[in-house]
Amino acid sequence: MSDAASLTTAPVPQASNAATAQPETMSWDSRSRRMVVLWLPLACFVIILLFPFYWMAITAFKPNAELYDYKTYNPFLIGSPTLAHIRLLLFETSYPRWLTTTMTVAVASTFLSLFASTLAAYAIQRLRFRGSQYVGLAIYLAYLVPPSILFIPLATMVFQLGLFDTPFALILTYPTFLIPFCTWLLIGYFKSIPYELEECALIDGATRVQILTKITLPLAVPGLISAGIFSFTLSWNEFIYALAFIQSSEKKTVPVAILTELVTGDVYQWGALMAGSLLGSLPVAIFYSFFVDYYVSSLTGAVKE
Amino acid sequence: MATVSIREARKSFGTFEVLHGVSVEIEDAEFVVLVGPSGCGKSTLLRMLAGLENITAGEIAIGGRVVNNVAPKDRDIAMVFQNYALYPHMTVRDNMGFSMKLAGAPREIMEAEVQKAAAILGLGELLHRYPRQLSGGQRQRVAMGRAIVRHPQVFLFDEPLSNLDAKLRVQMRSEIKELHQRLQVTTVYVTHDQIEAMTMADKIVVMNHGNIEQAGPPLELYDRPANLFVAGFIGSPAMNLIKGAPGQGGFMTEGGALLPLPASANGSAGIYGIRPEHMRLAPGDGIPATVQLVEPTGSETQVTVRIGDTPLACAFRERVAARPGDEIRIMPDTGLVHLFDAGTGQRVN
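Residues numbered from 1 in each chain as written. Chains lettered and ligands numbered in written order. Predicted model: local features only at pLDDT ≥ 70, side-chain atom pairs only at ≥ 80, totals over all residues. Heavy atoms only, no water.

**Q** Talk me through the pattern of salt bridges; I want residue IDs and the actual numbers.
**A** For the coordinates displayed, the defined rule picks out twelve salt bridges over all chains. Close ionic contact of Arg 126 of chain A with Glu 198 of chain A constitutes a salt bridge, the shortest N to O distance being 2.9 Å. Remark: Glu 198 of chain A occurs in helix H10 (residues 195–204) and Arg 126 of chain A occurs in helix H5 (residues 95–127); sequence separation between them is 72 residues. Grouping residues by exposure puts Arg 126 of chain A and Glu 198 of chain A together as buried. Close ionic contact of Lys 42 of chain B with Glu 159 of chain B constitutes a salt bridge, the shortest N to O distance being 3.7 Å. Placement of the pair is Lys 42 of chain B in helix H1 (residues 42–50) and Glu 159 of chain B in the loop between strand E7 (154–158) and helix H5 (166–183), with a sequence separation of 117 residues. For the pair Lys 42 of chain B and Glu 159 of chain B, a shared accessibility class is recorded, and that class is buried. By sharing partners, the salt bridges in this structure join Glu 199 of chain A together with Lys 11, Arg 47 and Glu 53 of chain B into a single network. (Salt bridge = Lys/Arg side-chain N within 4 Å of Asp/Glu carboxyl O. Helix = DSSP H or I, 4+ residues; strand = E, 2+ residues; numbered from the N terminus. Buried < 20%, exposed > 50% of the residue type's maximum accessible area, 1.4 Å probe, protein only.)

Put into structure tokens, the structure is as follows:
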């Protein structure tokens, strides 16, 4: 009895060994493969993308002695951190003022652009008036004209309208490059919203404006968000118009101001410069991280029912 | 509740005319089905009725009022779309109440109406859900609920069942019909499925290439199709349509078979039509035919035979033991033979 039992059970441990051994090697295989195809490239991306932030951060907190002597001090580390650069930036320059100006300009031009491009995109995509295709094309072509060409005629207009050296010069000129892109992004997004929904609303008794506000826009929220992020980021970082249309040092935007105000002659105040860049890029990064899912989905996907 | 009159309605997209003067009279509380193959203009006609397409020429009247220039919302109609067109960002309750909300109805009345419609359709449990959380059949019901809430004079359905699976389609078909019997609202229903048309309609309008081929009660279309198109379109399995000419005391097919003619036949018939279910087995005096294919469905047996070179589909109530290659004797029911002119396609008997 026991013999027979041992005979039948004997192969079992072997079999179970073989059975467990195989998945283990497989899982090791897949783990190492994941390491090579996923984590390694991802790590490279992360390092490359985050290195500027790291550099900005350590430069902002490094005393000048360490900053200018990379032979004695390791350039990648901070010996004795200091808030001197931050103090210089916040209390001895108009940095807080620049930040609020930049914020105001970015928010105002974003809302202005979203409002205009929503109406434009809806009209081109849904109302299909005579020549709507050509209007769409013309708006796109406007986007292709580089700002470095446009700023000269725009400067004349800004000056004649008496807007020179005011935030309005930027709030009203940024939409010239924001509206075309947003319009095209929203046309694509509106296209993905089934037309029957609007026809149904039309039968339900909605007017065109009600259809836009109660049906189309709520469904286009991801599209609006990504257009908003795009506009906000571009307005925040814009350089050439801000450089050309604003003269007084306290009215400048962050990207222009840190370059023009923190570089005195040929002296680069690296610590304050980097502190300014870091503080200036944080709002965009935070804003972006909140909505990145919408941004991706609106560029790649469509409305899900 | 209202009558609908469509008089000589025409529709052109640019220079291309898709409806060539269509006239339909729809009685109060009637269930009318517009049926036809894709691109025949049936959906366009429905959309013209709804006000979603303008009317190029002719007239459409709802309840005696010409609505050519009336906006969709003022036509007092409700429409159910093929893909349901539920608002994805609204709950079932908000979807159903949307039209009343736009009309500025008080909240309590709105809620009462929504509850009433939900009770009719068995949606009571689902009012707080979003369309994406519903199955196809439930979405279909919400779309109907949205129509019911409005108490329209006319219901319009645009292929409402074509996105459902076969079983659900049969179920929803009877639900829609029951709903119509209960509410007694004039209904115009578009489909390309002739079985839907046959089972649901009080009156079928068969359309093809922007024209009406025939309009009438389902059984009239089945029993006396006015032309070849209707004969081939209505009925499943489809009617046998055999080319040939009268002669030698019967109808001589091109394949060389002689089929008996009804008494009402005249000399101009070029096409002989007989439905598969109107063929019977006639072991003694029948026409000899070679069995090609036997398809038992349980309730009947569908047999494809050849008489000479002429293929013929038959459906027998009896179980047929024949195998391919066997010879059986069959006979058409001469009283139920349809004869058509080969040139015009019109019925001649």
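On we go.
**Q** Pulling in residues and values, what's your account of the packing of aromatic side chains?
**A** Counted according to the given criterion, the structure contains 23 aromatic pairs over all chains. With 5.8 Å between their ring centres and 45° between their planes, Tyr 143 of chain A and Phe 181 of chain A make a pair best called tilted. Placement of the pair is Tyr 143 of chain A in helix H6 (residues 132–144) and Phe 181 of chain A in helix H9 (residues 175–191), with a sequence separation of 38 residues. Its relative accessible area of 23% is what places Phe 181 of chain A among the partly exposed residues. Consider the rings of Phe 251 of chain B and Tyr 272 of chain B, whose centres lie 5.0 Å apart with planes at 35°: the pair is tilted. One end of the pair, Phe 251 of chain B, is in strand E12 (residues 250–253); the other, Tyr 272 of chain B, is in strand E14 (residues 271–274), with 21 residues separating them in the sequence. Classification of Phe 251 of chain B by relative accessible area gives buried; the value is 0%. Of the aromatic side chains, those joined through ring pairs into one cluster are Phe 51, Tyr 54, Trp 55 and Phe 76 of chain A. Its end group placed over the ring of Tyr 87 of chain B, Arg 146 of chain B keeps NZ or CZ at 4.8 Å from the ring centre. Positioned above the aromatic ring of Tyr 222 of chain B is the side chain of Arg 275 of chain B, whose terminal nitrogen or guanidinium carbon lies 4.1 Å from the ring centre. (Phe/Tyr/Trp six-rings, centres within 6.5 Å; stacked < 30°, edge-to-face > 60°. Lys NZ or Arg CZ within 6 Å of the ring centre and 35° of its normal.)

**Q** Please give an account of the sheet that holds strand E6 (residues 77–80) of chain B that cites residues and values.
**A** Residues and elements named next belong to chain B. Strand order in this open sheet of six strands is E6-E7-E8-E3-E9-E10, and the pairing throughout is mixed. Each of the sheet's edge strands pairs with one partner strand only, and the pair in question is E6 and strand E10 (211–216). Taking each pair of neighbouring strands and ignoring which way they run, the sheet shows an average axis angle of 15°. Judged from the four bridges that link them, strand E3 (residues 31–35) and strand E9 (residues 203–208) form a sheet pairing that is parallel. Considered in E9, the bridge of Val 32 is made with Lys 203. (Pairing = 2+ DSSP bridges. Axes fitted to C-alpha atoms, helices over the stretch in contact; angles between N-to-C directions.)

**Q** So what's going on with the nonpolar core? Residues and values would help.
**A** Nonpolar side chains tend toward joint burial in soluble globular proteins. Within the largest apolar cluster, 56 residues are counted, with the highest numbers of intra-cluster contacts made by Ile 215 of chain A together with Met 79, Tyr 87, Leu 156 and Val 188 of chain B. Element by element, the count of residues in this core is highest for H1 of chain B, at five residues. Residues in contact with Ile 215 of chain A, not counting those within four places in the same chain, are Leu 197, Ala 201 and Gln 210 of chain A together with Tyr 87, His 89, Met 90 and Phe 98 of chain B. Core analysis: the second largest hydrophobic core is formed by 45 residues, Ala 78, Ala 143, Ile 204 and Tyr 222 of chain B among them. (Core = buried A, V, L, I, M, F, W, Y, C linked by side-chain atoms within 4.5 Å. Contact = heavy atoms within 4.5 Å.)

**Q** So, H1 of chain B: which residues are in play, and what are the values?
**A** Most of H1 of chain B sits inside the fold, with eight of its nine residues counted as buried. Buried within H1 of chain B are the following residues: Lys 42, Thr 44, Leu 45, Leu 46, Arg 47, Met 48, Leu 49 and Ala 50 of chain B.

**Q** Give a detailed account of the environment of Leu 83 of chain A, specifying residues and quantitative values.
**A** Structurally, Leu 83 of chain A can be placed in the loop between helix H3 (64–67) and helix H4 (84–92). For Leu 83 of chain A and Ala 60 of chain A, which are 23 residues apart along the polypeptide, the C-alpha to C-alpha distance reads 8.0 Å.

**Q** Give a detailed account of H6 of chain A, specifying residues and quantitative values.
**A** Taking 1.5 Å per residue as the helical rise, H6 of chain A with its 13 residues ought to reach 18 Å, and the 19 Å between its terminal C-alpha atoms agrees with that figure. Taken together, the buried residues of H6 of chain A touch H5 and H9 of chain A. (Expected span 1.5 Å × (residues − 1).)

**Q** Requested: an account of the sheet that holds strand E5 (residues 65–66) of chain B, with residues and values cited.
**A** All names here are of chain B. Read across the open sheet, the four strands follow the order E2-E1-E4-E5; overall the sheet is antiparallel. Among the strands making up the open sheet, the edge pair consists of strand E2 (16–26) and E5. Two elements, strand E1 (residues 4–13) and E2, share eight bridges in a ladder whose sense is antiparallel. Directly across from Ala 9, in E2, lies its bridge partner Val 22. Across the sheet, H1 lies against E1, E2 and strand E4 (57–62), angled at about 115° from E1, the strand it touches most.

**Q** Would you mind going over the interface of chain B and chain A in detail, with residue names and values included?
**A** On the side of chain A, 17 residues touch chain B, which itself brings 23 residues to the contact. Across the contact surface, chain B and chain A share one salt bridge. Put simply, Arg 47 of chain B and Glu 199 of chain A hold a salt bridge, and the shortest N to O gap is 2.5 Å. Across the chain B-chain A interface, the total number found is six residue pairs in polar contact (both at pLDDT 80 or more). The set of elements that each furnish at least two residues to the side of chain B that touches chain A consists of H1, E6, helix H2 (92–103) and helix H4 (136–149) of chain B. For the side of chain B that touches chain A, the residue count by class is 14 nonpolar, three polar and six charged. (Polar contact = N/O pair within 3.5 Å; in protein donor to acceptor, adjacent residues only side chain to side chain. Nonpolar A, V, L, I, M, F, W, Y, C, P; charged D, E, K, R; others polar.)

**Q** Give me the lowdown on unusual backbone geometry, citing residues and values where you can.
**A** Trans peptide bonds make up most of the peptide bonds, and negative phi angles are found at most residues other than glycine. Residues and elements named next belong to chain B. With an omega of 0°, the peptide bond between Ser 236 and Pro 237 qualifies as cis. For His 209, which is not a glycine, the phi torsion comes out positive at approximately 50°. By relative accessible area, His 209 is classed as exposed at 60%.

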